[in-house]
Amino acid sequence: MHAGRSLSSLAAACGRTLHGPDGDIARLCIDSRQPVAAEGTLFIALDGKHHDGHRYLPQLRERGVRAFLVRQGAVQALPGESMIAVPDTLKALQDIAAWHRAQFTLPVVGITGSNGKTVVKEWLNQLLAPEERIVRSPGSWNSQVGVPLSVWAINETHTLGLFEAGISEPGGMDALERIIAPTLGIFTNIGPAHGAHFASDAAKADEKAKLFRRAKTVVHCSDHAAVCNALNKLGGVQLLGWGRKPDADLHIVEDRADSDHRTLQLRWKGDLCTVELPFSDDASVENALHCITLLLHLGRSAEQVAERVRQLRPVSMRLETLPALNNGTLLNDAYSNDLASLTIALGQLARTAAGRPKLVVLSDIADSDEAAEQRHAHIAGLLRSAGVEHVIAIGPAMRAHAALFPGGTRFFDDADALLHALPEPPVQGAVTLVKGARSFGLERLVARWEERTHGTVMEVDVEAMRHNLNHYRERCGPQVRIMGMVKAGGYGSSAVEMARFLAHEQVAWLGVAYADEGIELRRQGIRTPVLVMNPEPVPMETLHRYQLQAEVYDQRSLRAAMDFAAHVPDAPAIHLKLDTGMHRLGFLPQDMPALLEALRSAKPLHVASIFSHLAASENPQQDAFTRGQIALFKELSARLIDALGYAPLLHIANSAAATRFPEARLDMVRLGIGLHGIGADAEETAQLRPVETLRTVIAQVKELGAGESVSYGRKALLTAPARIAVLPIGYADGLSRRLGEGRGRVWVHGEEARTVGAICMDMCMVDVTNIPCAAGDDAIVFSPQHPLQDYARDLGTIPYEALTSISPRVKRVFIRE
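The structure presented is a predicted model; accordingly, all values stated were derived computationally and were not measured. (Residues numbered from 1 in each chain as written. Predicted model: local features only at pLDDT ≥ 70, side-chain atom pairs only at ≥ 80, totals over all residues. Heavy atoms only, no water.)

A short note on the overall build of the protein
Here comes step 1: A tally of helices and strands in the protein yields 27 helices and 38 strands.
Here comes step 2: Here the C-alpha atoms of the protein give a radius of gyration of 29 Å, agreeing with the 28 Å that 2.2 N^0.38 yields for 817 residues.
Here comes step 3: The principal-axis extent of the C-alpha atoms belonging to the protein is close to 85 × 80 × 65 Å.
Here comes step 4: Taken across its 817 residues, the protein has 56% of its residues classed as buried. (Helix = DSSP H or I, 4+ residues; strand = E, 2+ residues; numbered from the N terminus. Rg over C-alpha atoms; globule rule 2.2 N^0.38 Å. Buried < 20%, exposed > 50% of the residue type's maximum accessible area, 1.4 Å probe, protein only.)

If you want it as structure tokens, here you go:
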């Protein structure tokens, strides 16, 4: 037993006594829906305004959980259970986390401020990961609950901690400081968020600065007066400031802005250095400078910092991207509204619009201590800066400051008035950002303006996809480029939205199967280089017009490219496809003499890359064959490079090979199924995050008697009374007929419900006899808790086919953090 995490030790940390058997605890759980192993889990029954964790103990007991932390008097322990009873379960969780933190002496960076905490944390992770074993807050877990759960993840292998701390009311930082106990700190800024709970920015800064009262060093922007004043009140803490004044520890000597990057000349300890940031906005520059200052303080050289900062990748927020009526798109951020998050959301609007009209529906901002006139002038300025052509403003404060907004802005008192006047989006083909405080209920507007489809949807978790992309980036290293495969409708997830995401993540290339897929990306404003891996002739004029590049795999396609390049100076580059054993498309080894001769005479033609396909990279039994393919590819590529006189990009690795065959990574890897959470093996899949959830809703529940039949052909004859749920998903949605007659299943309230009878075109029926449910309840086909791999196994196929078979009529909803 690991005595440091024994139940008795945790009870002692709370000042209580353990009732029941002792045991080792590896996991803390506060959500009964979370899939966790029963052994080694302590469930903490938190009380909240809208929930009581004690209600879910029966479900957890059924799943085998036997260790509970509960409120005194709320429940009684059953025989064999371990229980810690406390007056306040949240405080007990925090006590446990603080005790756990005290067991470790690693340096910990505490990060607080009004905005930028998550970005700074994630960028520090990117910048320091090469030499540190980092434990950090997942996502934006910076609350009174999120912080202790984050800190619990510290273990003996970690060399550095990165934890966010967020507060919304006075007094909130004391508990978080006790838990994080940072040795280093970053104070990002002070902004309007949660301003209503503090008398002034100074009061808010003073509360946040409490996080650093035991820290050794704190990084901040020395140009922020409220931050500086709060930090100067701390005793015995080294303050490191960056700023535009010469007396700053890190002095910004020069700041040059371009359309997509910023170049900074900085002075640190008397020496000048230059860094180039792959972003141009002020918020990203501020976040990066916090990171740069800390890295220099930690002893990283200016050259090393400049090289790593240049490779920083974006970190985004939570937004839903939905299809809208009138051929539009909705960005649903109808849950919060402040100036900082509005700025972020407007950036996402610009990226999504890509040339399409932009409409913003915006409610009053209530949680701000900024003067009303100044606040609304700021809002109007943000809208103008973002190039928003159409604005709808909701709330009395917006109307009172109508003169500050662009001409043509429409004002409504509340959501009801807007819905009555505009039952549909007023601008054809627009991308609409709906941004509002919860109290305005703008989710009703989203529901009305969203394109009307049936209740079956495929949710795409963008943060999970980002996690998976970064997994491969970390494996392959910064020198290896990424091609994101978006063919076949982005593996069923929506090619355009997936391509927008990958473009935002700065992948080097996108891969499609056919030219029309690439043309659609261009029409949607996506400018990332696109490789068309087509098996059919495409006119070179078409490729040229849409700035697409295609593979060349035989003498016919090579001749077409050569002829076009001879007459068009800016003809698209080509990508030579070699057949090293897949025996699909490509030049075979015996074709090399003729290919080499043709290339030597094709001087105007530029070869962008040479590539091949591996036939069995995921199968260990075929590793000898795979290594033979890789060796043959390298041999043939060397001959081609010699003939060309320059070195195009080389790529042969798919997702599995990127992991299993480091020698195959070369200049670029092509990521497909790995982006969706399917790894090369079970071990890697456990490190990835499932991306897609296919869900539908119960349309009707029927009580049927014995002897009744269900569905076409009367193949399902009930032998006993049954409750049958009708679901609006059928084979026209991609739910194969192979899943009928009990071979398929869905999950209703976490319980398995098998299919009954044949799958219909638009519907199917499942047995819910022992599952309490009603019309309108969710039914899950696959999800992170019910893996796609299991669904594919029921189908008798592979995850690729299972995903790409989901019909286009199933609505795709992209979820962003």
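Right, picking up where we left off after that structure.
Things to note about the packing of helix α22 (residues 592–600) against helix α23 (residues 623–644)
Here comes step 1: One can describe the packing of α22 onto α23 by two numbers: an axis separation of 9 Å at closest approach and a directional angle of 25°. Relative to α23, α22 is oriented roughly parallel. The way α22 lies across α23 gives a crossing that is right-handed. Only Leu-636, Arg-639, Leu-640, Ala-643 and Leu-644 of α23 make contact with α22, whose side of the interface consists of Met-592, Leu-595, Leu-596, Leu-599 and Arg-600.
Here comes step 2: Residue composition of the contact of α22 with α23, grouped by class: eight nonpolar, no polar and two charged. (Axes fitted to C-alpha atoms, helices over the stretch in contact; angles between N-to-C directions. Parallel < 35°, antiparallel > 145°, perpendicular 65-115°, else oblique. Left-handed = near helix turned anticlockwise from the far one by under 90°. Contact = heavy atoms within 4.5 Å. Nonpolar A, V, L, I, M, F, W, Y, C, P; charged D, E, K, R; others polar.)

Let's talk about the pattern of salt bridges
Here the idea is simple: oppositely charged side chains can pair when their charged atoms come close.
Here comes step 1: For the coordinates displayed, the defined rule picks out 44 salt bridges.
Here comes step 2: Glu-132 is the partner of Arg-300 in a salt bridge, and the nearest nitrogen-oxygen pair spans 3.3 Å. You can see Arg-300 sitting in the loop between α9 (282–297) and α10 (302–309) and its partner Glu-132 sitting in the loop between α4 (117–128) and β6 (134–136), a full 168 residues away along the chain.
Here comes step 3: Accessibility expressed as a relative area gives 14% for Arg-300, which makes it buried.
Here comes step 4: Judged by relative accessible area, Glu-132 falls into the partly exposed class, the value being 23%.
Here comes step 5: Here Asp-461 ties to Arg-689 by a salt bridge, and the two come within 3.7 Å at their closest N and O atoms. Of this pair, Asp-461 sits in strand β20 (residues 457–461) while Arg-689 sits in the loop between α25 (682–687) and β29 (692–697), and the two are 228 residues apart along the sequence.
Here comes step 6: What you see here is one network of salt bridges that share partners, running through Lys-121, Glu-122, Arg-136 and Glu-164. (Salt bridge = Lys/Arg side-chain N within 4 Å of Asp/Glu carboxyl O.)

Structural notes on the side chain of Glu-81
Here comes step 1: By the element assignment, Glu-81 lies in the loop between β3 (67–71) and β4 (82–86).
Here comes step 2: We classify Glu-81 as buried; its relative accessible area is 4%.
Here comes step 3: Here Leu-78 takes part through its backbone nitrogen, which lies 3.0 Å from a polar atom of the side chain of Glu-81.
Here comes step 4: Apart from the residues within four sequence positions on either side, Glu-81 is in contact with His-19, Gly-20, Pro-21, Arg-61, Arg-66, Phe-68 and Gln-76. (Polar contact = N/O pair within 3.5 Å; in protein donor to acceptor, adjacent residues only side chain to side chain.)

Observations concerning the environment of Phe-411
Here comes step 1: Within the secondary structure layout, Phe-411 lies in strand β18 (residues 410–412).
Here comes step 2: A sequence separation of 13 residues divides Phe-411 from Met-398, and the C-alpha atoms of the two residues are 7.4 Å apart.
Here comes step 3: Other than its neighbours up to four places away in sequence, Phe-411 contacts Ala-393, Met-398, Arg-399, Ala-402 and Phe-405.

Focus: the packing of helix α3 (residues 89–101) against helix α6 (residues 173–180)
Here comes step 1: Running from amino to carboxyl end, α3 crosses α6 at an angle of 35°, the nearest separation of the two axes being 7 Å. Packed against α3, whose contacting residues are Gln-94, Asp-95, Ala-97, Ala-98 and Arg-101, the element α6 presents Ala-175, Arg-178, Ile-179 and Ile-180 at the interface.

Considerations on the sheet that holds β6
Here comes step 1: Here we have nine strands laid out as an open sheet, ordered β6-β7-β5-β8-β9-β10-β11-β12-β13, and mixed in their pairing. Strands at the two margins of the open sheet, each flanked by one partner only, are β6 and β13 (271–277). Neighbour-to-neighbour, the strand axes of this sheet turn through a mean angle of 20°, independent of strand direction.
Here comes step 2: Alignment of strand β8 (residues 184–187) against strand β9 (residues 217–221), held across four bridges, turns out to be parallel. Opposite Ile-186, over in β9, you have Val-219 as the bridge partner. (Pairing = 2+ DSSP bridges.)

Some remarks on the nonpolar core
Here comes step 1: With 70 residues, the main nonpolar core has Leu-502, Leu-510, Leu-521, Leu-558, Leu-576, Leu-595 and Leu-640 as its most contacted residues.
Here comes step 2: Contact partners of Leu-502, with chain neighbours within four places excluded, come to Leu-469, Gly-484, Val-486, Val-507, Leu-510 and Leu-675.
Here comes step 3: One finds Met-458, Val-746, Val-781 and Leu-788 within the second-largest nonpolar core, a separate group that totals 39 residues. (Core = buried A, V, L, I, M, F, W, Y, C linked by side-chain atoms within 4.5 Å.)

Some words on the sheet that holds strand β33 (residues 722–727)
Here comes step 1: Read across the open sheet, the three strands follow the order β30-β33-β36; overall the sheet is antiparallel. The sheet is open, and its two borders are formed by β30 (700–704) and β36 (764–767), each paired with just one other strand. If you compare each strand with its neighbour and ignore which way they point, the axes differ by 30° on average.
Here comes step 2: Pairing between β33 and β36: four bridges, direction antiparallel. Bridged to Val-726 within β36 is Met-765.

Some thoughts on unusual backbone geometry
Here comes step 1: The backbone phi angle of Ser-494 is positive, close to 100°, even though this residue is not glycine.
Here comes step 2: With respect to the helices and strands, the residue Ser-494 is situated in the loop between α17 (487–491) and α18 (495–504).
Here comes step 3: The exposure class assigned to Ser-494 is partly exposed, which follows from its relative accessible area of 23%.
Here comes step 4: One non-glycine residue, Leu-666, lies in positive phi territory at about 50°.

Digging into the packing of aromatic side chains
Here comes step 1: The final tally for this structure, using the stated rule, is five aromatic pairs.
Here comes step 2: Residues Trp-123 and Phe-279 carry aromatic rings whose centres are separated by 5.0 Å and whose planes lie at 25° to one another, so their mutual orientation is stacked. On the criterion of sequence distance, the pair formed by Trp-123 in helix α4 and Phe-279 in the loop between β13 and α9 is long-range, its members being 156 residues apart. Phe-279 matches Trp-123 in its accessibility class, with the two residues each being buried. (Phe/Tyr/Trp six-rings, centres within 6.5 Å; stacked < 30°, edge-to-face > 60°.)

Considerations on α3
Here comes step 1: Taking 1.5 Å per residue, 13 residues should reach 18 Å; α3 reaches 18 Å between its end C-alpha atoms and fits that length.
Here comes step 2: Counting buried residues along α3, ten of its 13 residues qualify, which places the element largely inside the surrounding structure.
Here comes step 3: Within α3, burial applies to Thr-89, Ala-92, Leu-93, Gln-94, Asp-95, Ile-96, Ala-97, Ala-98, His-100 and Arg-101.
Here comes step 4: Regarding α3, its N-cap is Asp-88, as a side-chain oxygen of that residue lies 3.0 Å from the backbone nitrogen of Leu-90 further along. (Expected span 1.5 Å × (residues − 1).)

Observations regarding the state of the cysteines
Here comes step 1: By the definition in use, this model includes zero disulfides.
Here comes step 2: Cys-273 carries a free sulfur, and the closest cysteine sulfur to it, the one in Cys-291, is 15 Å from it.
Here comes step 3: What makes Cys-273 buried here is its relative accessible area of 13%.
Here comes step 4: A disulfide-free cysteine, Cys-764 has its sulfur positioned 7.9 Å from the sulfur of Cys-760, the nearest such atom.
Here comes step 5: For Cys-764, a relative accessible area of 1% translates into the label buried. (Disulfide = S-S within 2.5 Å.)

Describing the environment of Leu-718
Here comes step 1: As for its position among the elements, Leu-718 is in the loop between β32 (716–717) and β33.
Here comes step 2: Residue Leu-718 is classed as buried on the basis of its relative accessible area, which comes to 14%.

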